[in-house]
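Report on the structure
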Amino acid sequence: MASSSSLGLLAVEMTVRQLCTWNVGIRKNEPVTSSVNLSTVQFINPLLADQIEEIVEAQHIPHELLRFEITESAIMADMESANIMLLKLKSKKHKLYMDDFGTGYSSLSYLRHFPVDVLKIDQSFVKWMGLDEESDTIVKTIIELAHNLHMEVVAEG
């Protein structure tokens, strides 16, 4: 039986191969990008960045075509290790998404220290927009926060 870490690497490898197919023959002028969700188990593996590097290099695609989504809770599980991993991935020009933002228990003071490019607002806030004032306010506040920190923002759902 494969471990979740090896399954995660298989997902990265399959995504990179698909990106290669799309970008070599189909979309040369406008490169296609894709994101892969990293599990908490996968994310705490100190070899992850090197393993990803091997996969990307083997297919000869630009690193910036492959993006990674990490949940807020995975980052908060071990902040020091998470920050090191984020910096390693960022140094290879991968765009980094903080997924499910707003559902964890992180302090906003840590947000400025993590090298993420995009905040993904959890759908639990987005689905209630227009139906209750609190959700509207929360979503607007997260968008403003992201923009003030020079991050992109994506609303799920």
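Since the structure is predicted, the reported quantities are computational estimates derived from the model, not experimental observations.

Parameters at a glance
- Residues numbered from 1 in each chain as written.
- Predicted model: local features only at pLDDT ≥ 70, side-chain atom pairs only at ≥ 80, totals over all residues.
- Heavy atoms only, no water.
- Axes fitted to C-alpha atoms, helices over the stretch in contact; angles between N-to-C directions.
- Helix = DSSP H or I, 4+ residues; strand = E, 2+ residues; numbered from the N terminus.
- Parallel < 35°, antiparallel > 145°, perpendicular 65-115°, else oblique.
- Left-handed = near helix turned anticlockwise from the far one by under 90°.
- Contact = heavy atoms within 4.5 Å.
- Nonpolar A, V, L, I, M, F, W, Y, C, P; charged D, E, K, R; others polar.
- Expected span 1.5 Å × (residues − 1).
- Buried < 20%, exposed > 50% of the residue type's maximum accessible area, 1.4 Å probe, protein only.
- Arc of directions from axis to C-beta.
- Salt bridge = Lys/Arg side-chain N within 4 Å of Asp/Glu carboxyl O.
- pLDDT = per-residue confidence, 0-100.
- Pairing = 2+ DSSP bridges.

**Here's the deal with the packing of helix H3 (residues 48-59) against helix H5 (residues 79-91)**
Viewed as axis vectors pointing N to C, H3 and H5 meet at an angle of 20°, and their least axial separation amounts to 9 Å. As judged from the angle between their axes, H3 and H5 are roughly parallel. Crossing of H3 against H5: the hand is right-handed. Where H3 abuts H5, its residues Leu48, Ala49 and Ile52 lie against Met85, Lys88 and Leu89. Here the residues of the contact of H3 with H5 sort into five nonpolar, no polar and one charged.

**Concerning H5**
Helix length check: H5 (13 residues) gives 18 Å between terminal C-alpha atoms against 18 Å at 1.5 Å per residue, within 8%. Inspection of H5 places Ala82, Met85, Leu86 and Leu89 among the buried residues, and these make up the whole buried set. Seen from one end, H5 has its buried residues packed into an arc of 100°, which puts them on one side. Along H5, the residues that are exposed and aim more than 90 degrees away from the buried face are Glu80 and Ser91. The elements touched by buried residues of H5 are strand S1 (34-38), helix H2 (40-43), H3, strand S2 (66-71), helix H4 (72-77) and strand S3 (96-101). Downstream of H5 by one or two residues, Lys93 has phi in the positive range, about 75°.

**Focus: the pattern of salt bridges**
The final tally for this structure, using the stated rule, is seven salt bridges. With a closest N to O distance of 2.9 Å, Glu69 and Lys120 form a salt bridge. Highlighted residues: Glu69 in strand S2 and Lys120 in strand S4 (residues 118-121), separated in sequence by 51 residues. Neither Glu69 nor Lys120 differs from the other in exposure class; each is buried.

**Comments concerning the confidence of the model for the protein**
When pLDDT is averaged along the protein, the result is 86, and 92% of the positions lie at 70 or above. No element of the protein has a lower mean pLDDT than helix H6 (residues 108-111), at 72, and none a higher one than H3, at 95.

**Quick look at the sheet that holds S4**
Strand order in the open sheet made by the five strands is S1-S2-S3-S4-S5, with parallel pairing throughout. Edge positions in the sheet fall to S1 and strand S5 (152-155), since each of these pairs with one other strand and no more. This sheet shows a mean twist of 25° between the axes of neighbouring strands, independent of strand direction. In terms of strand pairing, S1 meets S2 through five bridges, oriented parallel. For Ser35, the partnering residue across the bridge sits in S2 and is Arg67. Each of S1, S2 and S3 is contacted by H5, which is oriented at about 135° to S3, the strand it contacts most.

**Comments concerning unusual backbone geometry**
In this model, Lys93 sits at a positive phi of 75°, which is unusual for a non-glycine residue. With respect to the helices and strands, the residue Lys93 is situated in the loop between H5 and S3. Lys93 gets classed as exposed once you look at its relative accessible area, which sits at 57%.

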